[in-house]
Structures are given as structure tokens and as C-alpha cells.
Amino acid sequence: MKITRIKFIMIMFIIFLSAGFIGTSVLGSTTAVTQSARGFVAPNVNTSLILNNGQVESFWSEITSYQNISEFGEGGFVKFANNETHLFSLIVYPQSNDWVSIEFEPEPEVCMANLNDGWSFYVNQNPDQIEARDIQFVGTVMPDNDVQMDISTEEIFDSSLVYLEVVRPFETGDTDGFDIAFYNGSLNMMQFASKDDHIGFHEDFYLLITDKLLGEGSADPDVDIPVGANLGQIKFILLGVTPVGILVFIGFHAFRRVVSSPIEHKYTRIVDNDHNPPSFMERWRETFSSK
């Protein structure tokens, strides 16, 4: 069967339209598909985290529930612990990364969403020191500082890495800020970002605070999170943009080659000058005929 240009275009349109419906069925909704989240278990270390002693506390080496954070760069990782009243964190990242941030309870599909709680740490290369800020995000711009600063820190510079110890009360009482409250047994989600990696999708991690003492062991929670943060956008493209784009192309092609600048056939085997082009119905039957 000979396939004409218009038949080819219409066949491609049907294929793209079908792909949209098939893709939507396979992808499903953004909340229907989940995966098991990675995260942190913060055990009770039954001690205070001593700041300003110039060293990383020894109990950090006993905490095995931690994650490497790709947004921080090579060698970056984070650990958490608690002492029943305060949350402790060990944050490690390259000195070359000008700033790093933690966002608590991030919005789905959005990084640094407006009014979300977080911490940010800025490196001052000369002299080596860290500026720590308790913050609230205001979008993908520099975040605002909370009215009161509720985190205390100590930084240790070792070779090319920064080892940053952080302490924050479970409940800050910052009524003018947006601090979330922690407690024994609380389960929160969070994301990480940095100067080198803060645009686009970021993995969600969980943080489980447990009253089990360090060494007693605590089972990792079974936390499921939605995957494919951009599935809604993909479905919109498949069902909306693609068919519309094809129709626009067909309309433009028809205007360009039929109305505005029709193709001239200077040489033809047709002798009869009264030959007329096929009608729309003739083209329709030719397109969908099995002959």
C-alpha cells in the first residue's frame, strides 16, 4: 500500500496520541507508585554533645545509621543522634562547597519551598570558620533567618573536609519562626542541598529519633515515599503538549505548502489540464482504506 504524505502525518498523530494514553496508564498517579526511603536513625547517646573542644565526639564513630549525601560533594555525609532533649548532627562536606543546607518536611516536587524549616551553613575561607543559620526557606533564593537562632555549632577543619557538629533543642519555642518540633519517636522527612547542587530533584530522606540507647539497636522504619516527582508533568506532555504540537505542525505545514507557498510541479505526466486534486473525502478514504 502506498503511503502518502498526509497519511503518514495522520498515522504519526494517532501513534503519539495512543502513546499518551498508554504512558498515562503505565505511569499512574504520582501517589500510586512508591519506593522505600533511605534515612537516618538518631539513637540516644545518653550524653551531651560538647562544643568548642576542637574535636569530633567519639560516639559518632559508633553510629552506623548514616547516609552519603551526593549534594554535598565527594566525602559528604550526615549522622544524627539525641539525648532525649536535644537533636545532634554531624555534617561533613568539602570546604570547597561554599554553603550546604538541610530542609525539614520538604514539599513534594519542590526544593526549598516557601516557609519550610531548615539549617544553612556558609564557609568563610579566610579565616576558616562556619556561619551557621537557623532559617526558613523562601523559595530558590537566599533563605531568611529565623527571629531567634536555635542551633549551636562547632566546626573542625580536617584536610579538605569540614566536620560540623550541630545541637538543636527538640522544642525551640520560636513562635515567630517556623521550627518544627522533634520528640522521641518522631519521624520527619528532609532534603539536602548545597551551592554545587541545589537546582532540580533531591532525594527525600527520613529522620527517626529513638529513645533506644546507642548500641541497643533500632530497626530501620519502613517508610514509603512517592517516586517520579515529575510524573504529572510527563502526563501533561504526553496527553496535552504532544497532540497539540502535532496539530500545530499539520496546520503550519498546510498553510506553508498549500496556501502560502504551494509546491510547483513543473513537470508532470498528466496531460489533462482539467485534472483536479483529490477532495477531502477522497483523501480520507485513501487514508483509512485497507486497500
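First things first, this report covers the structure right here in the doc. (Residues numbered from 1 in each chain as written. Predicted model: local features only at pLDDT ≥ 70, side-chain atom pairs only at ≥ 80, totals over all residues. Heavy atoms only, no water.)

**Digging into the overall build of the protein**
Looking only at helices and strands, the protein has 3 helices and 14 strands in total. The 291 residues of the protein split such that 38% are buried. Intrachain contacts of the protein at a sequence separation of at least 6 include 61% that bridge at least 24 residues. Within the structure as shown, the protein displays about 16,900 Å² of accessible surface, and the carbon and sulfur contribution to it stands at 55%. (Helix = DSSP H or I, 4+ residues; strand = E, 2+ residues; numbered from the N terminus. Buried < 20%, exposed > 50% of the residue type's maximum accessible area, 1.4 Å probe, protein only. Contact = heavy atoms within 4.5 Å. Areas by Shrake-Rupley, 256 points an atom, 1.4 Å probe, with all protein chains shown as cover.)

**Considerations on the side chain of Gln136**
Mapping Gln136 onto the fold places it in strand β8 (residues 129–136). For Gln136, a relative accessible area of 10% puts it in the buried group. Sequence-distant contacts of Gln136, defined by excluding residues within four places in its chain, comprise Leu115, Asn116, Pro143, Asp144, Asn145, Asp146 and Phe178.

**Some words on the pairing of strand β10 (residues 152–158)**
Within a regular strand, the side chains alternate between the two sheet faces. Pairing between β10 and strand β11 (residues 161–169): 7 bridges, direction antiparallel. In the sheet register, Glu154 faces β11, and the bridge partner there is Glu165. (Pairing = 2+ DSSP bridges.)

**Considerations on the nonpolar core**
Membership of the largest hydrophobic core comes to 28 residues, with the highest contact counts inside it found for Ile91 and Phe121. Sorting the residues of this core by element identifies β2 (38–44), β4 (77–82), β5 (86–94), β6 (99–104), β7 (117–124), β11, β12 (187–194) and β13 (205–213) as the ones contributing at least two each. When sequence neighbours within four positions are dropped, the list of residues in contact with Phe121 reads Ile91, Tyr93, Asp98, Trp99, Val100, Ile130, Glu131, Ala132, Ile151, Thr153, Leu164 and Val166. Counting 12 residues, the second largest nonpolar core, distinct from the first, contains Leu49, Phe59, Ala81 and Leu90. (Core = buried A, V, L, I, M, F, W, Y, C linked by side-chain atoms within 4.5 Å.)

**Examining the pattern of salt bridges**
As enumerated under the stated definition, the model contains 4 salt bridges in all. Of the charged contacts in the structure, one is a salt bridge between Asp98 and Lys195, with a shortest N-O distance of 3.3 Å. Of this pair, Asp98 sits in the loop between β5 and β6 while Lys195 sits in the loop between β12 and β13, and the two are 97 residues apart along the sequence. Across the salt bridge formed by Glu131 and Arg133, the nearest N and O atoms sit 2.8 Å from each other. (Salt bridge = Lys/Arg side-chain N within 4 Å of Asp/Glu carboxyl O.)

**Overview of the packing of aromatic side chains**
As enumerated under the stated definition, the model contains 12 aromatic pairs in all. Considering the side-chain rings of Phe40 and Phe192, the 6.0 Å spacing of their centres and the 65° angle between planes classify their relative orientation as edge-to-face. One end of the pair, Phe40, is in strand β2; the other, Phe192, is in strand β12, with 152 residues separating them in the sequence. The buried category is assigned to Phe192, whose relative accessible area is 1%. Measuring from centroid to centroid gives 6.0 Å for Phe72 and Tyr93, while their planes differ by 65°, and the two rings are edge-to-face. Separated by 21 residues along the polypeptide, Phe72 in the loop between β3 (66–68) and β4 and Tyr93 in strand β5 bring together distant segments of the chain. Taken together, Phe40, Phe72, Phe80, Tyr93, Phe192 and Phe205 form an aromatic cluster joined through their ring pairs. It is Lys79 that lies over the ring of Tyr66; its NZ or CZ is 5.0 Å from the centre. Over the ring of Tyr122 we find Arg133; its NZ or CZ atom is 4.6 Å from the centre of that ring. (Phe/Tyr/Trp six-rings, centres within 6.5 Å; stacked < 30°, edge-to-face > 60°. Lys NZ or Arg CZ within 6 Å of the ring centre and 35° of its normal.)

**Some thoughts on unusual backbone geometry**
Across residues other than glycine, the phi torsion is negative in most instances, and most of the peptide bonds are trans. One non-glycine residue, Asn52, lies in the positive phi region at around 65°. In this fold, Asn52 is placed in the loop between β2 and β3. Located in the positive-phi region is Ser159, a residue other than glycine, with phi close to 55°. Relative to the assigned elements, Ser159 resides in the loop between β10 and β11.

**Regarding empty space enclosed by the protein**
According to the stated counting rule, one finds 1 cavity of 30 Å³ or more in the structure shown. If you go around the largest cavity, the residues you meet are Ser101, Ile102, Glu103, Cys111, Met112, Phe137, Gln191, Phe192, Ala193 and His202. Going through the elements one at a time, β6 and β12 are the ones with two or more residues in the lining of the largest cavity. In the lining of the largest cavity, the residues fall into 6 nonpolar, 3 polar and 1 charged. (1 Å grid on protein atoms, 1.4 Å probe; cavity = no way out; pocket = protein on both sides within 12 Å on 5 of 7 lines; lining within 4 Å. Points joined across faces, edges and corners; volume = space filled by probe spheres on them. Nonpolar A, V, L, I, M, F, W, Y, C, P; charged D, E, K, R; others polar.)

**Describing the side chain of Arg168**
Mapped onto the fold, Arg168 is located in strand β11. In this structure the side chain of Arg168 is engaged in a polar contact, spanning 2.7 Å, whose partner is the backbone oxygen of Ile180. Sequence-distant contacts of Arg168, defined by excluding residues within four places in its chain, comprise His86, Leu87, Asp117, Trp119, Asp150, Ile151, Asp179, Ile180, Ala181 and Phe182. (Polar contact = N/O pair within 3.5 Å; in protein donor to acceptor, adjacent residues only side chain to side chain.)

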